[in-house]
Amino acid sequence: MRFWLAAALVVMCGPALALPLHPTGRAVVTQAVEAAIRPGFAAYADETAALQDVVATRCGIDEAGLEAIRAQFKAVVLSWSRIELYQIGPLTEANRSEKILFWPDRKGIALKQVQAILAGPDWDAFDAETLKAKSVAVQGLGALEFVLFGTGSDRLATIESDFRCNYALAISTLLKGTAAEMKAEWDDADGISARLISPEATDAEFRSEDEVKQALVGLLAHGIETIRDQRILPFLGREGEAAKPKSALFWRSGMTLPAIVANFEGLETLFEKSEVGAYTPTEDFRIGEEAMAAFAGIKASAAGVVDPVEAALADPKQKLAIGEIVASSQTLGKLLGEELPAALGLSVGFSSLDGD
């Protein structure tokens, strides 16, 4: 009798234990929030706080101080780029995304306004509170990059650059404050995290688990498209056009390709940690496996780009490597923008980039 009972248990349990486990819809959302989004915003808050501190204590002192500030700026760019495409909740409110990074800027509005502030000088940019009321184009990472790396930035290593240092401090103070606000909102037990994990029919945005899953999958699909169409193709050149390295984001600081790689890393983290690739109605895990392979391919191609963007585009091998990143992004776009939503019975809708 015991033998037959044991045999029956093996028959019932054995095959189930041998198969990969599918996460539940709630688990996918919980893991996306707890293992990807919240840690990303926490890291960004830490890096912006460190930036504000180093600008406040080391700007206008010596060359070593300027290099420390520039190094921390680059750390902020990387942490920002990993969360920039998490366009949901706090980042989408109060023009925060545009205030942190005004891009794309096809008409060079930010450069003109920042140069005007420095030439004035415009004392409203001297303090964070008055700077906050000015154009979003002059209070974020793009403006700070010019202050730290653009024409005249070498004076930041001397005491003669009081205004420029205070403008840098005002920007970094605003960045720190916005980052802290977003982190607090993601950490709020009754805030956006709870709304995503436990959606309710009365919620204006997230009324059901399907709506939340659709939003998260949309981050992946539209994020891949944003990187390709707004970050890479404009400087690489579309359809045989000449390369335009100085139209690239963060070209002055040499952070163009590192920021792009960090963009992909943020999406990879969201995809991997949420386990959404395993959340399908069948045992076919091909989409997840192929997507991770494509992310790995992007990293491998990016490793071949060792120079700043202008020099990289002048080198056929490095330019080819950038082209390979585009090709891998197209593969990812098909997997995450078409096949994954179809497998989940979702629609990610039309991209905001359509028609650009």
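Residues numbered from 1 in each chain as written. Predicted model: local features only at pLDDT ≥ 70, side-chain atom pairs only at ≥ 80, totals over all residues. Heavy atoms only, no water.

Here we look at the packing of aromatic side chains
All told, the structure shown has nine aromatic pairs when counted by the stated rule. Ring centres 5.7 Å apart and planes at 55° place the aromatic pair Phe73 and Phe149 in the tilted group. Of the two residues, Phe73 sits in helix 3 (residues 63–83) while Phe149 sits in helix 7 (residues 141–149), which places them 76 residues apart along the sequence. The buried category is assigned to Phe149, whose relative accessible area is 18%. The structure contains a cluster of three or more aromatic residues connected by ring pairs, namely Trp123, Phe126, Phe163 and Tyr167. The cationic tip of Arg70 hangs over the ring face of Phe149; the distance from NZ or CZ to the ring centre is 5.1 Å. (Phe/Tyr/Trp six-rings, centres within 6.5 Å; stacked < 30°, edge-to-face > 60°. Helix = DSSP H or I, 4+ residues; strand = E, 2+ residues; numbered from the N terminus. Buried < 20%, exposed > 50% of the residue type's maximum accessible area, 1.4 Å probe, protein only. Lys NZ or Arg CZ within 6 Å of the ring centre and 35° of its normal.)

Things to note about the confidence of the model for the protein chain
Averaged over every residue, the pLDDT of the protein chain is 90; the share at 70 or more is 90%. Counted against residues more than four places away or in other chains, residues 1–20, with its pLDDT under 50, gives five contacts. Note that residues 350–356 has pLDDT below 50 and, in this model, ten contacts with residues that lie over four places away or in other chains. (pLDDT = per-residue confidence, 0-100. Contact = heavy atoms within 4.5 Å.)

Here we look at the side chain of Ser172
Relative to the assigned elements, Ser172 resides in helix 8 (residues 162–187). Using a relative accessible area of 0% as the deciding quantity, one classes Ser172 as buried.

Quick notes on the environment of Ala168
Looking at the secondary structure, you find Ala168 in helix 8. Judged by its relative accessible area of 0%, Ala168 falls in the buried class. Distance from Ala168 to Ala56, taken between C-alpha atoms, is 8.9 Å for residues 112 residues apart in sequence. With residues up to four places along the chain from it excluded, the contact list for Ala168 reads Val55, Leu144 and Val147.

Examining helix 14 (residues 316–344)
Here helix 14 is 29 residues long and its end C-alpha atoms lie 41 Å apart, about the 42 Å a rise of 1.5 Å per residue gives. Approximately 25° is the largest bend angle found in helix 14, and it occurs at Leu335. Sitting at the head of helix 14, Asp315 places a side-chain oxygen 3.1 Å from the backbone nitrogen of Lys317. After helix 14 finishes, the residue Gly345 shows a positive phi value of roughly 70°. (Expected span 1.5 Å × (residues − 1). Bend = angle between axes of the 7 residues up to and from the residue. Polar contact = N/O pair within 3.5 Å; in protein donor to acceptor, adjacent residues only side chain to side chain.)

A look at the pattern of salt bridges
Taken as a whole, this structure holds 20 salt bridges when the rule is applied. Notably, a salt bridge pairs Glu34 with Arg38, separated by 2.9 Å at the nearest N-O pair. Highlighted residues: Glu34 and Arg38, both in helix 2 (residues 25–58), separated by four residues, approximately one helical turn. For Arg38, a relative accessible area of 23% corresponds to the partly exposed category. We note a salt bridge from Lys134 to Asp122, for which the minimum N-O separation is 2.7 Å. Separated by twelve residues along the polypeptide, Lys134 in the loop between helix 6 (128–131) and helix 7 and Asp122 in the loop between helix 5 (109–119) and helix 6 bring together distant segments of the chain. Judged by relative accessible area, which is 21%, Asp122 ranks as partly exposed. Salt bridges linked by common partners bring Glu34, Arg38, Lys183 and Asp187 together as one network. (Salt bridge = Lys/Arg side-chain N within 4 Å of Asp/Glu carboxyl O.)

Observations regarding the state of the cysteines
Counted by the stated rule, this structure contains one disulfide. Shown here is the disulfide that connects Cys59 with Cys165, its sulfur atoms set 2.1 Å apart. Its S-S torsion of approximately -80° makes the covalent link between Cys59 and Cys165 left-handed. With Cys59 in the loop between helix 2 and helix 3 and Cys165 in helix 8, the pair connects residues that are 106 residues apart, well separated along the chain. Comparing Cys59 with Cys165, the two get one shared label, buried. (Disulfide = S-S within 2.5 Å.)

Points about the environment of Ala262
Within the fold, Ala262 resides in helix 11 (residues 256–274). We classify Ala262 as buried; its relative accessible area is 1%. Residues Ala262 and Ser153, spaced 109 residues apart in sequence, show a C-alpha to C-alpha distance of 26 Å.

A word on the packing of helix 10 (residues 209–236) against helix 14
Running from N to C, helix 10 and helix 14 cross one another at 160°; their axes reach a closest spacing of 9 Å. Judged on the interaxial angle alone, helix 14 and helix 10 are roughly antiparallel. Crossing handedness for the pair helix 10 and helix 14: left-handed. Residue classes in the contact of helix 10 with helix 14 are distributed as 16 nonpolar, five polar and two charged. (Axes fitted to C-alpha atoms, helices over the stretch in contact; angles between N-to-C directions. Parallel < 35°, antiparallel > 145°, perpendicular 65-115°, else oblique. Left-handed = near helix turned anticlockwise from the far one by under 90°. Nonpolar A, V, L, I, M, F, W, Y, C, P; charged D, E, K, R; others polar.)

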